[in-house]
Amino acid sequence: GIVLLTRSFLITLVPVVSPSNGNAQLVMLTTVVSVFLTLQAYFRPWKSLIMNLADTCVCLMLLLMAAVSGVFVGAESKERSPFTAFMVGVLALSALVILVLFVLGLWRIARRRPLPLGSPTRPPEVTAGRLLNLSNQLSKLDAEQIAAVVQQLGSFDR
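Think of each chain on its own: its residues are numbered from 1, step by step along the sequence as written. Two thresholds apply to this predicted model, a pLDDT of at least 70 for residue-level local features and 80 or more for giving and counting side-chain atom pairs, whereas whole-chain, interface and lining totals are computed over all residues. Think of the side-chain values as coming from all heavy atoms in the structure, minus any hydrogens and water.

A. Region of interest: the packing of helix α2 (residues 22-43) against helix α3 (residues 49-69). Orientation is described by axes fitted as lines to C-alpha atoms, over the contacting stretch for helices, and by angles from 0 to 180 degrees between their N-to-C directions. Strands are runs of DSSP state E lasting at least 2 residues, helices are runs of H or I lasting at least 4, and numbering of each runs from the N terminus. Packing of α2 against α3 leaves a shortest axis separation of 10 Å and a crossing angle of 160°. In terms of axis orientation, α2 runs roughly antiparallel to α3. By crossing handedness, the relation of α2 to α3 is classed as left-handed. On α3, the residues touching Leu26, Leu29, Thr30, Val33, Ser34, Leu37 and Gln40 of α2 are Asn52, Asp55, Thr56, Cys59, Leu60, Leu62, Leu63, Ala66 and Ser69. When residue character is reported, Ala, Val, Leu, Ile, Met, Phe, Trp, Tyr, Cys and Pro are called nonpolar, Asp, Glu, Lys and Arg charged, and the others, Gly included, polar. When the residues that make up the contact of α2 with α3 are grouped by side-chain class, the tally is nine nonpolar, six polar and one charged. Should an angle lie under 35 degrees it is considered roughly parallel, over 145 roughly antiparallel, and from 65 to 115 roughly perpendicular; all remaining angles are considered oblique. The crossing is said to be left-handed when, going from far helix to near helix, the turn is anticlockwise and less than a right angle, and right-handed when the turn is clockwise. Contacts: residue pairs with any heavy atoms within 4.5 Å of one another.

B. Just the side chain of Ser18, in detail. Topologically, Ser18 is positioned in the loop between α1 (2-17) and α2. Sequence-distant contacts of Ser18, that is, excluding residues within four places in its chain, are made with Ala24, Gln25 and Met28.

C. Highlighting the packing of α1 against α2. The contact between α1 and α2 brings their axes to 9 Å, and the two run at 170°. When the axes of α1 and α2 are compared, the pair comes out roughly antiparallel. Between α1 and α2, the residues in contact are Val3, Thr6, Arg7, Leu10, Ile11, Val14, Pro15 and Val17 and Gln25, Met28, Leu29, Val32, Val33 and Phe36, respectively. Considered class by class, the residues forming the contact of α1 with α2 number 11 nonpolar, two polar and one charged.

D. Representation of the nonpolar core within the structure. In terms of nonpolar packing, the biggest core is built from seven residues, these being Leu26, Leu29, Val33, Leu37, Cys59, Leu63 and Ala66. Sorting the residues of this core by element identifies α2 and α3 as the ones contributing at least two each. The residues contacting Leu29, other than those within four sequence positions of it, are Ile11, Val14 and Ala66. We call a set of buried residues a nonpolar core when its members are Ala, Val, Leu, Ile, Met, Phe, Trp, Tyr or Cys and they connect through side-chain atoms within 4.5 Å of each other. Only protein chains enter the accessibility calculation, which uses a 1.4 Å probe; a residue is then buried when its area is under 20% of its type maximum, exposed when over 50%, and partly exposed in between.

E. Main features of the packing of aromatic side chains. Any two rings among Phe, Tyr and Trp, with Trp reduced to its six-membered ring, count as a pair given centres within 6.5 Å; such a pair is stacked if its planes are under 30 degrees apart, edge-to-face if over 60, and tilted if neither. The tally for this structure, following the rule as stated, stands at one aromatic pair. Considering the side-chain rings of Tyr42 and Phe43, the 4.9 Å spacing of their centres and the 85° angle between planes classify their relative orientation as edge-to-face. The burial state of Tyr42 is the same as that of Phe43; both residues are exposed.

The values are spatial; any link to function lies outside them.
Following this line, the structure appears as structure tokens:
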């Protein structure tokens, strides 16, 4: 929670710190996103694999957009260079790939098929059996032991 709020705050602070210098804004944005991308890839804060991958993809797309926008910083002439056209093409192609993946994800959800990433969905009988086993184990513990077990849980498990 606090890490994502910090990342969002620092990203929104970039144009405030240096409102008239586009190069400085690109360096600050790239630095903030790179640091948080590295932390995201190392710690994997989300419980599910697909959420970690989605957050990593969002950070990578921000870095790609910052790299492409660097072509336009300080460009005052109206003519386009071949490199500018290439970078715009790369950005458009990346956006198209993201859109296709998004539509495929929605299609899989609509067909109610499990996504190949993350843990597979368990049948209800297995979940019910595990829940019954857990409730039997908890019934043998007193209130202090249960409180100790709850204290050991991670923040996403509470």
